[in-house]
Amino acid sequence: MLQALLAEGVDTVFAYPGGSIIKVYDALYDHQTDLRQILVRHEQGAAHAAQGYARVSGRTGVAIVTSGPGATNTITGISDAMLDSTPIVVIAGQVSTDALGTDAFQEIDLVGVTQPITKWSYQIRRAEDIAWAVARAFYIAGTGRPGPVVLDFTKTAQVAKIDFKPAKIDYVRSYIPAPDPIEEQINDAVRLIDSARKPLVLVGHGVELGHAEKELAEFIEKGDLPAARTLLGLAALPTEHPLNMGMLGMHGNLAPNVKTNECDVLIAVGMRFDDRVTGTLNTYAKQAKIIHLDIDKSEFGKNVKPDITVLGDCRQTLRLITERMAKASHTEWIESFKPLDKEEYDKVIKEAVHPESGPIRMGEVVTAVSDAAPHNAVLVNDVGLNQMFSSRYFKYRSPRSIVTSGGLGTMGFCMPAAIGASFGAPERMILAFFGDGGFQMNIQELGTIMQTQAPVKMILMNNTYLGNVRQWQQMMFNSRYSCTHMMNPDYSKVASAYGIPYILVTEREQLKDAVEQMIAAKGPFLLEVAVEKEENVMPMIKPGNSVDEMIFSI
């Protein structure tokens, strides 16, 4: 098994041992120089750490766990990886083949459990199949639309002896990871783009997964095409790019959401028209002709019916479209975004980022950290208000600069994912933003940070609430704050117990110096900031409303 992993170029595994996988861990003892072993504190943490590693490195992350509860504890991370198209391989121990189906100690039908949430799930029963299964797992996980693969590794296969022969897999029958572009689709897309007077490009995670950031920039620059990004696509286009119109969706920017329902041609690149982006489908972009570029044909028409589909790797299809399309100018259309930008700035952003008085705001914390950080810093965030504020106000200057849980919305994602990111991109600063709820979800991974000294800069924006749910309770349930107010521990003592440097900021005047100390620190750091308790993230599309019906206050 370990020789097969090394043959795939694996250099890091996120690990938690147990009885049904102990043979593998005994072998790992002899591989401490060529396989970095990161002992997490919970198997969910192993899966999320593998995700963080994969998202910043562009490689496949690996988690190794035991059977039964060890395996089932990874389910959340596997599900998260499936919805966000993240390539990970989870290797789980399993009872011996003669005990399968007997309800043996810590036996679970892992293949049955994980088939709906993986690209492939396979039980290895014979040692002869190990090299083949690992090679196939990495091929499936990392090609086409990436995703998670599970290998259920029986004790029988673990203890058998064979001569190792590495396997190479570059073909699986009926699996076409990157379909060849179709000339007719490319030409149809070019004709429609050339005829557009009010085009709008929607940039999704697929651009980053396809390493197509350069192709995207060339495409929008030649066509003078304004572009907006989904949550997972935020780093595919730099924040300061003149054609970047902002973030789409429920808590996105006003201008691109409004203009979605004014454009005449909508060009979706590597995105899936998630409900958080579209609002109600009944009124979504009904006036527009829609072009959808994606590597996965199952996304075509799943939520929004396109007029033209372009199947293939967007790095290739964008290049072909750009070569054939006419150079264009859409100055008047692009200028029409600016009054909406100003309206959002005056009504929301100014107060969120530059408040003159009152408690510290989340937006100003994110801005202070982003401005002080290196240009290639990576934003990792949890789920909730901290996610929306940090995603909105962080400045993206380099590709693969955001690691977030989009499709599943997993609280507790941030800390282990940030640990994984720190090993996947050791040359980059990892900035991990939390709320107090998400921080405590996987707080045990502070032990992993302590043991590895992973240089994660943790920014805990503490409002003593489960803030996102509280906002919805305020908006739709008459401020009946049921089970959303939190009593929190003394985080200074928590940090001290794990040997992690810590600063608490309670006054605005302290923020700048505290951020500078955190940025200058060599290893891990915890910066806690006491923020406005009932701050809301605005603007917002209320559930069931149209994408252009954004509200500015509750």
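In this numbering scheme, every chain counts its residues from 1 along its sequence in written order. The predicted origin of the model limits local features to residues at a pLDDT of at least 70 and limits the giving and counting of side-chain atom pairs to 80 or more, whereas totals for whole chains, interfaces and linings rest on all residues. As a rule here, side-chain values cover all heavy atoms of the structure and leave hydrogens and water aside.

Here a cavity denotes a set of grid points, spaced 1 Å apart and computed over the protein atoms alone, in which a 1.4 Å probe fits but from which it cannot get out, and a pocket denotes an open set meeting protein on both sides within 12 Å along at least five of seven lines; residues with an atom within 4 Å of a point are reported as lining. Grid points are joined across faces, edges and corners, and a volume is the space filled by probe spheres set on the points. Each pocket or cavity is described by its volume, and for the second largest pocket that value is around 670 Å³. Contributions of two or more residues to the lining of the second largest pocket are made by β9 (244-247), α16 (338-353) and α18 (385-393). Looking at the lining of the second largest pocket element by element, the count peaks at 6 residues for α16. Residues are grouped as follows: Ala, Val, Leu, Ile, Met, Phe, Trp, Tyr, Cys and Pro are nonpolar; Asp, Glu, Lys and Arg are charged; every other residue, Gly included, is polar. Partitioning the lining of the second largest pocket into residue classes produces 11 nonpolar, 8 polar and 7 charged. A helix here means a DSSP run of H or I that spans at least four residues, while a strand means a run of E at least two residues long, and both kinds are numbered starting from the N terminus.

Right, let's talk about the packing of helix α3 (residues 43-57) against helix α19 (residues 414-424) for a bit. One can describe the packing of α3 onto α19 by two numbers: an axis separation of 6 Å at closest approach and a directional angle of 45 degrees. Comparing the axis directions of α3 and α19 gives the class oblique. Judged by the twist between their axes, the crossing of α3 over α19 is right-handed. The segment α3 lies against α19, with G45, H48, A49, G52, Y53, V56 and S57 engaging P416, A417, G420, A421, F423 and G424. In this analysis, axes come from line fits to C-alpha atoms, helices being fitted only over the stretch in contact, and the angle between any two N-to-C directions falls in the range 0 to 180 degrees. An angle counts as roughly parallel when it lies under 35 degrees, as roughly antiparallel when it exceeds 145, as roughly perpendicular when it falls between 65 and 115, and as oblique in every other case. Two helices crossing with the near one rotated counterclockwise from the far one by less than a right angle form a left-handed crossing, whereas a clockwise rotation gives a right-handed crossing. Here, two residues are considered to be in contact whenever any of their heavy atoms come within 4.5 Å of each other.

Our next topic: the packing of aromatic side chains. We call Phe, Tyr and Trp rings a pair once their centres come within 6.5 Å, taking the six-membered ring for Trp, and we label the pair stacked below 30 degrees between planes, edge-to-face above 60, and tilted otherwise. The full count for this structure, using the stated rule, is 13 aromatic pairs. Relative to W132, the ring of W120 has its centre 5.9 Å away and its plane inclined at 90 degrees; by these criteria the two rings are edge-to-face. Placement of the pair is W120 in strand β5 (residues 120-124) and W132 in helix α7 (residues 130-142), with a sequence separation of 12 residues. R470 extends its terminal NZ or CZ atom over the ring of Y465, reaching a point 5.9 Å from the ring centre. Placement of a positive charge over a ring is assigned whenever Lys NZ or Arg CZ falls within 6 Å of the ring centre and within 35 degrees of the normal to the ring plane.

To continue, consider the nonpolar core. F219, L266, I267, I291 and L431 are the most contacted members of the largest nonpolar core, which totals 101 residues. In contact with F219, not counting residues within four places along its chain, are I193, V201, L225, I267, L318, I321, T322 and M325. We call a set of buried residues a nonpolar core when its members are Ala, Val, Leu, Ile, Met, Phe, Trp, Tyr or Cys and they connect through side-chain atoms within 4.5 Å of each other. Only protein chains enter the accessibility calculation, which uses a 1.4 Å probe; a residue whose area is less than 20% of its type maximum is buried, one above 50% is exposed, and one in between is partly exposed. Residues F14, V150, F439 and L526 belong to the second largest nonpolar core, which totals 47 residues.

Attention shifts here to the packing of helix α17 (residues 362-372) against helix α24 (residues 508-520). Running from N to C, α17 and α24 cross one another at 40 degrees; their axes reach a closest spacing of 10 Å. Between α17 and α24, the angle is such that the two are oblique. Helix-helix and strand crossings are classified by hand; for α17 and α24 the assignment is right-handed. In this structure, α17 contributes E364, V365, A368, V369 and A372 to the contact, and α24 contributes R508, L511, V515, M518 and I519. For the contact of α17 with α24, the residue count by class is 8 nonpolar, no polar and 2 charged.

Moving on, we come to the sheet that holds strand β3 (residues 61-65). Strands pair in a sheet through their backbones, by hydrogen bonds, and they do so in one of two ways: parallel or antiparallel. Each pair of strands is called paired provided DSSP finds at least two bridges between the two strands. As summarised here, the arrangement of the 6 strands in space is β2-β1-β3-β4-β6-β5, forming an open sheet in which the pairing is parallel. Since the sheet does not close on itself, it has two edges, and those belong to β2 (36-39) and β5, each with one partner. Strand-to-strand twist across the sheet, computed as the mean angle between neighbouring axes with direction ignored, equals 20 degrees. Sheet analysis places strand β1 (residues 12-15) next to β2, joined by 4 bridges and oriented parallel.

Extensive coverage of strand β18 (residues 525-530) is indicated by the burial of 5 of its 6 residues. When strand β16 (residues 456-462) meets β18, the two strands line up parallel, connected through 6 bridges. Looking at the pairing, I459 lines up with L527 of β18. Bridging between strand β17 (residues 502-505) and β18 involves 4 bridges; their strand directions are parallel. Each bridged residue has a counterpart across the sheet, and for I503 the counterpart in β18 is L527. For the crossover from β17 across α24 to β18, the handedness is right-handed. For crossovers, right-handed means that the path from the first strand over the helix to the second runs clockwise, given strands pointing away from the viewer.

Mapping I360 onto the fold places it in the loop between α16 and α17. You can call I360 buried: its relative accessible area is 2%. Sequence spacing of I360 and A530 is 170 residues, and the spatial spacing of their C-alpha atoms is 7.0 Å.

Any link to function would need more than the numbers given here.
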